[in-house]
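Now for the letters of each chain:
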Amino acid sequence: MRLLRGYNENSFLYSWKEDVKVTLDTILQSLGACKRYTISSDVSNYLTYIDDEVFYVSPSFEQVKTDNKISTLNPHFILFSAPGATGKSCLAKHIAHTHNAIYWDTSKLKLGENTFDGSILKMVGAENYSQFTTDLKNGYTALAIDAFDEAEAISGRTAVQQFIEDLERCVKDASVPCVFLFSRTETAQFIASLCVENDIALQHYEIGFFEETQAVNFMEGQIKNLKEGEALKTGRSEVSVTNAEKDCIKKYYDAIQNSISATEKASFLGYAPVLQAIASEIKGTSNTALLISKLTGSENCTDIILQIMNALLKREQDKVTDAFANKCKSEHPEFTEWETIYSPEEQLTRIVSYILFGDTSYNNYEEVTLPTQLIDEYQTLLDSFLPQHPFIQNYAKGSALQSEGIHFTGPAFRDYTLAKLILSPDSSLAQMYLDESRGDNFSPSPIFADCYLNLCDNAIHSDHISYVYESYRSKAHALEKAYLQYTEPLDKEESSTGNVVLGMAASKKDHQSQPLEFAMIIDYPENPEFCFDRMYNVSLDAPNIAVRIGRSGADTSIHNSEIICKRIEWDTAHLLIEAKNPNGCLICTREASVGIAPRIEIVCDENLKVSMPDIGPYYKLLRYKYNFDDSSDIDILKFTHALRCIFVEFRSHSKDTLAKHIERIDNVVVGNNSVKKKVLTFMKDMGIVYEESHLYKIDTSKMQECKISFNGLLSMNFDQLEDGYRKFKSWDTSVH
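Residues numbered from 1 in each chain as written. Predicted model: local features only at pLDDT ≥ 70, side-chain atom pairs only at ≥ 80, totals over all residues. Heavy atoms only, no water.

Focus: the overall build of the protein
Now for step 1: Secondary structure summary: the protein contains 26 helices and 28 strands in total.
Now for step 2: Here the C-alpha atoms of the protein give a radius of gyration of 28 Å, agreeing with the 27 Å that 2.2 N^0.38 yields for 736 residues.
Now for step 3: With the principal axes as the frame, the protein shows a C-alpha extent of 85 × 75 × 50 Å.
Now for step 4: By residue count, 57% of the 736 residues in the protein fall in the buried class.
Now for step 5: Considering only intrachain contacts with a sequence separation of at least 6, the fraction spanning at least 24 residues in the protein is 69%.
Now for step 6: Roughly 31300 Å² of accessible area belongs to the protein as shown, and the carbon and sulfur atoms make up 47% of that amount. (Helix = DSSP H or I, 4+ residues; strand = E, 2+ residues; numbered from the N terminus. Rg over C-alpha atoms; globule rule 2.2 N^0.38 Å. Buried < 20%, exposed > 50% of the residue type's maximum accessible area, 1.4 Å probe, protein only. Contact = heavy atoms within 4.5 Å. Areas by Shrake-Rupley, 256 points an atom, 1.4 Å probe, with all protein chains shown as cover.)

Rendered as structure tokens:
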């Protein structure tokens with residue numbers, strides 16, 4: 001296989017020209033009803049026809065148009081991308097069902113060389129292989145290939161690349177688009193850039209959000225689905241959405257619309273998990289005014305989600321406590337704490353226990369202790385109410401939407417629950433769910449980060465940073481990339497435990513959003529450690545913290561990340577590294593690594609630097625050996641890092657001039673580090689840093705003259721700092 005050293009999502013990201021709104025019917029206009037093949041049971045766990053109708057309301061779509069290097073003429077592939085939980089799998093199954101295409105779930109197998117050909121051979125048999133590929137090229141059959149983001153996490157980018165190349169060889173002479181690919185945004189950017197470098201004709205569409213009419217239809221459909229689920233249990237046949245519920249949907253939608261900004265409207269009121277939550281609250285309502293009144297005082301979209309979830313939990317609590325009190329109160333007057341029963345916290349704990357273990361046992365929640373004589377009665381109520389909780393859905397075998405068994409009703413319910421529980425004093429159950437789900441390559445939706453960051457009191461736990469960042473990354477749209485930056489505190493006496501920045505680097509299409517800043521709580525300060533399953537656009541300046549990379553039994557990857565840490569602890573057998581210009585990858589450790597050295601695969605080495613005391617055994621990394629502390633040769637990486645270490649000290653949320661004590665900057669921040677000393681001297685000479693009494697102060701106008709921006713430093717964007725670096729090199733040459 002030819003390794004691609006030239007493809008670069010950054011180039012793809014910044015080559016955006018325009019987006020064009022289109023409908024699904026337009027996208028699929030060349031796809032007719034497909035010929036049906038018999039699928040072998042050998043592959044039926046990941047290759048199948050979708051015979052049952054899938055509930056689907058079509059959102060808006062935008063064609064992503066970039067420069068002319070990518071061919072869109074007579075495309076063989078149509079690529080659909082979207083942020084997390086925006087209906088990619090539903091769309092894939094909808095296309096498969098309505099056009100009789102074959103649905104391929106790439107998360108159900110490990111991709112490798114010849115996975116495509118081998119799977120097709122197993123599916124139709126050697127005698128039908130040639131006919132199938134011919135039908136595929138002529139548009140008589142089609143493939144809806146889903147979950148490439150999960151496939152990348154399971155199998156690695158190299159395997160995805162091999163699969164795409166094998167796929168292209170098979171359909172190279174196709175007369176119509178016959179393969180539909182579905183992925184979260186970041187993996188889609190990789191697939192699109194891969195197609196550019198391989199001259200594969202591709203149409204790329206971003207799945208948008210629901211507009212008002214679509215959102216209303218979606219909520220009505222959700223209410224009907226919920227009622228149909230209840231009807232199956234009770235034996236009722238006909239269900240419908242009442243006029244009162246339809247009226248409530250419209251009024252509730254309008255009330256939220258009036259509570260949030262115009263820019264938030266599409267991403268919140270058009271986001272399927274949010275609409276699922278609203279539908280659950282509205283179902284069966286008889287008091288529209290009361291529902292809407294609960295929105296009063298909501299300051300943002302996340303606040304509204306929390307209001308909806310809290311209302312649902314309170315409604316369930318009232319049902320159970322009323323039933324319990326009516327049944328037992330007269331016989332047990334000695335018990336008076338009925339309002340403590342089935343609290344929101346208790347419900348969430350029991351929900352996760354039920355999903356994990358299928359168990360409704362009273363003993364699953366130990367914070368409230370009932371008198372012995374009441375336990376059996378309460379257990380009877382739990383057995384009845386908990387399986388019908390609005391956060392839970394029991395999917396039958398063969399469901400097109402979810403695997404058989406007990407699951408959360410949707411991503412909003414799951415991620416709200418996990419965010420609440422993981423921040424509770426006993427987070428073990430949430431951690432258990434997350435650990436169990438990691439084996440299924442679970443990735444949280446944006447709602448997890450939204451709820452967590454709303455509830456965390458402006459401080460992220462070190463144990464949670466990987467989950468929070470994975471969720472935050474899933475917010476990214478087609479033309480933006482998420483980044484994470486962590487800066488360790490400079491002395492142990494500080495009350496802060498470091499600073500975390502989460503942000504989005506946008507293309508020229510989008511306005512650069514303000515990054516989010518949080519404190520970091522180190523959960524085990526005696527042995528501080530960060531854990532990342534994989535690292536994308538992560539910058540860690542943490543010389544006293546160990547970094548565990550990978551997950552046992554799974555491949556992992558480091559993409560365009562800067563890791564300055566105490567040591568690396570390997571927990572993977574296979575590591576893939578991509579170091580693309582301009583940012584590249586830096587791996588810098590003070591101590592020898594721990595764990596079995598992984599097999600290393602470097603798929604892009606445009607800008608890879610490694611400074612490790614034990615680099616010797618890592619023969620694939622030797623050519624990238626780098627001295628991070630050498631001040632005689634300060635490249636843009638060292639320059640940027642020194643700038644950021646100094647400037648982060650001046651961070652301020654006031655309107656006053658940025659200032660810091662001279663003694664602290666000289667003795668603590670810079671100290672004996674020769675690189676930082678030289679960069680600080682440069683800033684003094686340029687007038688960026690000047691002394692006033694006992695303080696250093698920043699002249700931001702001089703920063704602008706030198707083309708040094710805070711945003712560029714935060715995101716380690718070398719493009720934004722290139723001019724400033726040239727001024728530094730010119731100054732360095734003239735001085736020395």
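Picking up where we left off.
Focus: the environment of Cys 328
Now for step 1: Here Cys 328 is to be found in helix H14 (residues 301-328).
Now for step 2: Between the C-alpha atoms of Cys 328 and Gln 379, which are 51 residues apart in sequence, the distance is 13 Å.
Now for step 3: Residues within four places of Cys 328 in sequence aside, it is in contact with Trp 338, Leu 374 and Glu 377.

Observations regarding the environment of Ser 183
Now for step 1: Within the secondary structure layout, Ser 183 lies in strand S7 (residues 179-184).
Now for step 2: Ser 183 sits in the buried class, given a relative accessible area of 0%.
Now for step 3: Sequence spacing of Ser 183 and Ile 145 is 38 residues, and the spatial spacing of their C-alpha atoms is 9.1 Å.
Now for step 4: Contacts of Ser 183, omitting those with residues within four sequence positions, involve Phe 80, Ser 81, Ala 82, Lys 88, Phe 148, Asp 149 and Ala 188.
Now for step 5: From its side chain, Ser 183 meets the backbone nitrogen of Ala 188 in a polar contact 3.4 Å long. (Polar contact = N/O pair within 3.5 Å; in protein donor to acceptor, adjacent residues only side chain to side chain.)

Remarks on the nonpolar core
Now for step 1: Within the largest apolar cluster, 120 residues are counted, with the highest numbers of intra-cluster contacts made by Ile 278 and Phe 530.
Now for step 2: In terms of residues, this core owes the most to one element, H14, which gives 12 residues.
Now for step 3: With near-sequence residues (within four places) excluded, Ile 278 lies in contact with Met 219, Tyr 252, Ile 256, Leu 269 and Ile 308.
Now for step 4: Tyr 49, Trp 104, Phe 148 and Cys 170 belong to the second-largest nonpolar core, a separate cluster that totals 41 residues. (Core = buried A, V, L, I, M, F, W, Y, C linked by side-chain atoms within 4.5 Å.)

Remarks on the pattern of salt bridges
Now for step 1: Scanning the model with the defined rule gives 34 salt bridges in all.
Now for step 2: The residue Lys 475 makes a salt bridge to Asp 450 at a minimum N-O spacing of 2.5 Å. Highlighted residues: Lys 475 in the loop between helix H20 (465-473) and strand S12 (480-487) and Asp 450 in helix H19 (residues 446-455), separated in sequence by 25 residues.
Now for step 3: What makes Lys 475 partly exposed here is its relative accessible area of 25%.
Now for step 4: On the basis of relative accessible area, Asp 450 is assigned to the partly exposed category, the value being 24%.
Now for step 5: Residues joined by salt bridges that share partners form a network here, namely Glu 186, Glu 470, Arg 473, Lys 481 and Arg 534. (Salt bridge = Lys/Arg side-chain N within 4 Å of Asp/Glu carboxyl O.)

Focus on the pairing of strand S15 (residues 529-532)
Now for step 1: By the alternation rule, side chains of S15 split into Phe 530 and Phe 532, which are all buried, and Glu 529 and Cys 531, of which none is buried.
Now for step 2: The sheet contact formed by S15 and strand S18 (residues 546-549) spans four bridges and is parallel. Among the inter-strand pairings, Phe 532 is bridged to a residue of S18, identified as Ile 549. (Pairing = 2+ DSSP bridges.)

A few points about the packing of H14 against helix H17 (residues 411-422)
Now for step 1: Viewed as axis vectors pointing N to C, H14 and H17 meet at an angle of 90°, and their least axial separation amounts to 11 Å. By the angle class used here, H14 and H17 are roughly perpendicular. Two secondary-structure elements touch here, H14 through Leu 306, Met 309, Asn 310, Leu 312 and Leu 313 and H17 through Ala 412, Phe 413 and Tyr 416. (Axes fitted to C-alpha atoms, helices over the stretch in contact; angles between N-to-C directions. Parallel < 35°, antiparallel > 145°, perpendicular 65-115°, else oblique.)

Remarks on the packing of aromatic side chains
Now for step 1: All told, the structure shown has 30 aromatic pairs when counted by the stated rule.
Now for step 2: Judged by centre distance (5.9 Å) and plane angle (85°), the ring pair of Phe 116 and Phe 163 falls under edge-to-face. Of this pair, Phe 116 sits in helix H4 (residues 115-124) while Phe 163 sits in helix H7 (residues 157-171), placing them 47 residues apart in sequence.
Now for step 3: Residue class for Phe 116 comes out buried when judged on its relative accessible area of 1%.
Now for step 4: Among the aromatic residues, those joined into a cluster by ring pairs are Tyr 46, Trp 104, Phe 116, Phe 148 and Phe 163.
Now for step 5: Its end group placed over the ring of Tyr 49, Arg 36 keeps NZ or CZ at 4.2 Å from the ring centre.
Now for step 6: One Lys or Arg, Lys 609, reaches over the ring of Tyr 626 and ends 5.6 Å from the middle of that ring. (Phe/Tyr/Trp six-rings, centres within 6.5 Å; stacked < 30°, edge-to-face > 60°. Lys NZ or Arg CZ within 6 Å of the ring centre and 35° of its normal.)

Looking at unusual backbone geometry
Now for step 1: A positive phi angle, close to 50°, is found at Asn 537, a residue other than glycine.
Now for step 2: If you trace the backbone, Asn 537 turns up in the loop between strand S16 (535-536) and strand S17 (538-542).
Now for step 3: Residue Asn 537 is classed as buried on the basis of its relative accessible area of 18%.

Re the sheet that holds S18
Now for step 1: Judged by pairing direction, the sheet is parallel, and its three strands sit side by side in the order S15-S18-S21 without closing on themselves. Edge strands, defined here as strands with exactly one partner in the open sheet, are S15 and strand S21 (568-570). Put simply, the sheet's adjacent strands are angled 20° from each other on average, direction ignored.

A closer look at the sheet that holds S16
Now for step 1: Pairing in this open sheet of four strands is parallel, and the strands run S16-S19-S22-S24 from one edge to the other. Two strands in the sheet have a free side with no partner beyond their single neighbour: S16 and strand S24 (599-605).
Now for step 2: Pairing between S16 and strand S19 (residues 556-559): two bridges, direction parallel. Directly across from Met 535, in S19, lies its bridge partner Ile 558.

Quick look at the packing of helix H15 (residues 344-357) against H17
Now for step 1: It is at 10 Å that the axes of H15 and H17 come closest, and there the two elements cross at 115°. With respect to H17, the element H15 is oriented roughly perpendicular. Taken as a pair, H15 and H17 cross one another with a handedness that is left-handed. The residues of H17 that touch H15, namely those facing Leu 348, Thr 349 and Val 352, are Tyr 416, Thr 417, Lys 420 and Leu 421. (Left-handed = near helix turned anticlockwise from the far one by under 90°.)

Observations concerning H7
Now for step 1: In a regular helix each residue adds 1.5 Å, so 15 residues correspond to 21 Å; H7 covers 21 Å between its end C-alpha atoms and thus fits that length.
Now for step 2: Across the 15 residues that make up H7, a large majority, 14, are buried. (Expected span 1.5 Å × (residues − 1).)

Here we look at the side chain of Arg 534
Now for step 1: Assignment of secondary structure puts Arg 534 in the loop between S15 and S16.
Now for step 2: Polar side-chain contacts of Arg 534 include one of 3.3 Å to the side chain of Glu 470.

Quick look at helix H26 (residues 718-735)
Now for step 1: Helix length check: H26, at 18 residues, gives a terminal C-alpha distance of 24 Å against a target of 26 Å (1.5 Å per residue), a fit within 8%.
Now for step 2: The sharpest bend along H26 comes to roughly 30°, located at Gly 724.
Now for step 3: Those residues of H26 that sit buried are Phe 718, Leu 721, Gly 724, Tyr 725, Phe 728, Trp 731 and Asp 732. (Bend = angle between axes of the 7 residues up to and from the residue.)

Some points on the confidence of the model for the protein
Now for step 1: Residues of the protein with pLDDT of at least 70 account for 90%, and the chain-wide mean is 86.
Now for step 2: Highest mean pLDDT in the protein belongs to strand S6 (residues 143-146) (97); lowest belongs to helix H1 (residues 9-14) (53).
Now for step 3: Contacts for the low-pLDDT stretch residues 1-7, under 50 throughout, to residues beyond four places or in other chains number 29 contacts. (pLDDT = per-residue confidence, 0-100.)

Describing the state of the cysteines
Now for step 1: As enumerated under the stated definition, the model contains zero disulfides in all.
Now for step 2: With no disulfide of its own, Cys 531 lies 12 Å from the sulfur of Cys 565, the closest cysteine sulfur.
Now for step 3: Here Cys 706 stays unpaired: no disulfide links it, and the sulfur of Cys 645, its closest cysteine neighbor, is 19 Å away.
Now for step 4: By relative accessible area, which is 5% here, Cys 706 ends up buried. (Disulfide = S-S within 2.5 Å.)

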